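Chain residues, written in single-letter form:
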Amino acid sequence: MDTLAICPACSGLNRVLLERHDPKCGRCKAPLPVHEGVASLTAKTLPLLVQQSTRPVVVDFWAPWCGPCVSFAPTFLKAAKATAGRLVLAKLDTQAEPSAGAAFQIQSIPTLLVFKDGTEVFRTSGAMPLPHLLNTLSRWG
């Protein structure tokens, strides 16, 4: 199974096998910010992934100080493994990247946005159990 990730160094789109523990960009060989099938995004790489992805992209807007965000993280990782090859799951730290949170009008965290063909198609806030998350994501992949 695989996912997609944007290289933070050269902005290239990469297919990343989930079993790779040290994924590197196919173009420039820079390390890719992917952990257990979940890509870490920045204000720069988020729009690139959304526009270039051939699969729907699910972005978890979160922050390290947010208790519900931290408790939801293992559920999001399980969902990434369950939907690998069909969806791209990614996280964006709104504390580290406040401009991205503002650009997407994130009012509370965690907030999940689903993008398909470069357009936001779904938004929900709050942590949810794995069965509910998988049921919600089944609409797109």
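None of the values given here were measured: they were computed from a predicted structure.

(A) Main features of the pairing of strand β6 (residues 88–93). Counting buried residues in β6 gives six out of six residues, a clear majority hidden from the surface. In β6, alternate side chains face the same way, and those of Val88, Ala90 and Leu92 on one face and Leu89, Lys91 and Asp93 on the other are all buried. With four bridges joining them, strand β4 (residues 38–41) and β6 adopt parallel strand pairing. Residue pairing across strands places Ala39 opposite Ala90, the latter belonging to β6. Pairing between strand β5 (residues 57–62) and β6: six bridges, direction parallel. Pairing of Val59 across the sheet is with Ala90, part of β6.

(B) Representation of the pairing of strand β1 (residues 2–6) within the structure. The buried fraction of β1 is high, at five of five residues. The side-chain alternation of β1 yields two buried faces, one formed by Asp2, Leu4 and Ile6 and the other by Thr3 and Ala5. Sheet topology note: the β1/strand β2 (residues 13–17) ladder contains five bridges and is antiparallel. What sits directly across from Ile6, in β2, is Leu13. Count of turn residues in the β1/β2 antiparallel hairpin: six residues, of which Ser11 carries a positive phi of about 65°.

(C) Structural view of the environment of Glu120. Here Glu120 lies in strand β8 (residues 119–125). Along the sequence, Glu120 and Thr136 sit 16 residues apart, while their C-alpha atoms lie 15 Å from each other. Setting aside chain neighbours within four positions, we find Glu120 in contact with Leu113, Val114 and Phe115. For Glu120, the side chain forms a polar contact with the side chain of Arg123, separated by 2.9 Å.

(D) Just the pattern of salt bridges, in detail. Under the criterion given, the structure shown has six salt bridges. As a salt-bridge pair, Arg55 and Asp2 come within 2.9 Å of each other at their nearest N and O atoms. In this pair, Arg55 is assigned in the loop between α1 (45–52) and β5 and Asp2 in strand β1, connecting sequence segments 53 residues apart. The pair formed by Arg55 and Asp2 is uniform in burial state, with each residue classed as buried. The partner of Lys91 in a salt bridge is Asp60, and the shortest N-O contact between them spans 2.6 Å. Of this pair, Lys91 sits in strand β6 while Asp60 sits in strand β5, placing them 31 residues apart in sequence. Per residue, the accessibility class of Lys91 equals that of Asp60, and both read buried. What you see here is one network of salt bridges that share partners, running through Asp2, Arg15 and Arg55.

What counts as what
Residues numbered from 1 in each chain as written. Predicted model: local features only at pLDDT ≥ 70, side-chain atom pairs only at ≥ 80, totals over all residues. Heavy atoms only, no water. Buried < 20%, exposed > 50% of the residue type's maximum accessible area, 1.4 Å probe, protein only. Helix = DSSP H or I, 4+ residues; strand = E, 2+ residues; numbered from the N terminus. Pairing = 2+ DSSP bridges. Contact = heavy atoms within 4.5 Å. Polar contact = N/O pair within 3.5 Å; in protein donor to acceptor, adjacent residues only side chain to side chain. Salt bridge = Lys/Arg side-chain N within 4 Å of Asp/Glu carboxyl O.

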